[in-house]
Amino acid sequence: MKKSELRKLIAEYKKIELKLKKLKDKKFQEKLGQIEHRYYHETGRMLKSDLEKIT
């Protein structure tokens, strides 16, 4: 996976996370889980821990 694709994945994660704060929907939780799993599969690192390092 290219860096640009990883950036898009992270951007999508953040966007869905904001929606989840507004609308407690199970569909958004599942989508976040899928993104986290895909990120871990591609990089071998946890998405949440990488986001904490960025901010």
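Everything discussed here concerns the structure shown above.
Colleague: Where do I start with the overall build of the chain in this structure?
Modeller: Of regular secondary structure, the chain possesses three helices and zero strands. Helices and strands appear in the chain in the N-to-C order α-α-α. Projected onto the principal axes, the alpha-carbon positions of the chain cover approximately 30 × 20 × 20 Å. The proportion of buried residues among the 55 residues of the chain is 24%. Put simply, the chain shows about 4700 Å² of open surface, and 52% of that area lies on carbon and sulfur atoms. Averaging the locations of the 17 positively and 9 negatively charged side chains of the chain gives two centres separated by 4 Å.

Colleague: Mind showing me how you'd approach helix H3 (residues 47-54) here?
Modeller: Side chains of residues three or four places apart in an α-helix project in the same direction, reflecting 3.6 residues per turn. Buried within H3 we find Leu47, Asp50 and Leu51. Looking straight down H3, one finds that the buried residues subtend no more than 100 degrees of arc, so they occupy a single side. Turned more than 90 degrees away from the buried face of H3 sit Glu52 and Lys53, all of them exposed.

About the criteria used
Residues numbered from 1 in each chain as written. Predicted model: local features only at pLDDT ≥ 70, side-chain atom pairs only at ≥ 80, totals over all residues. Heavy atoms only, no water. Helix = DSSP H or I, 4+ residues; strand = E, 2+ residues; numbered from the N terminus. Buried < 20%, exposed > 50% of the residue type's maximum accessible area, 1.4 Å probe, protein only. Areas by Shrake-Rupley, 256 points an atom, 1.4 Å probe, with all protein chains shown as cover. Lys, Arg positive; Asp, Glu negative; His and termini not counted. Charge placed at Lys NZ, Arg CZ, Asp CG, Glu CD. Arc of directions from axis to C-beta.

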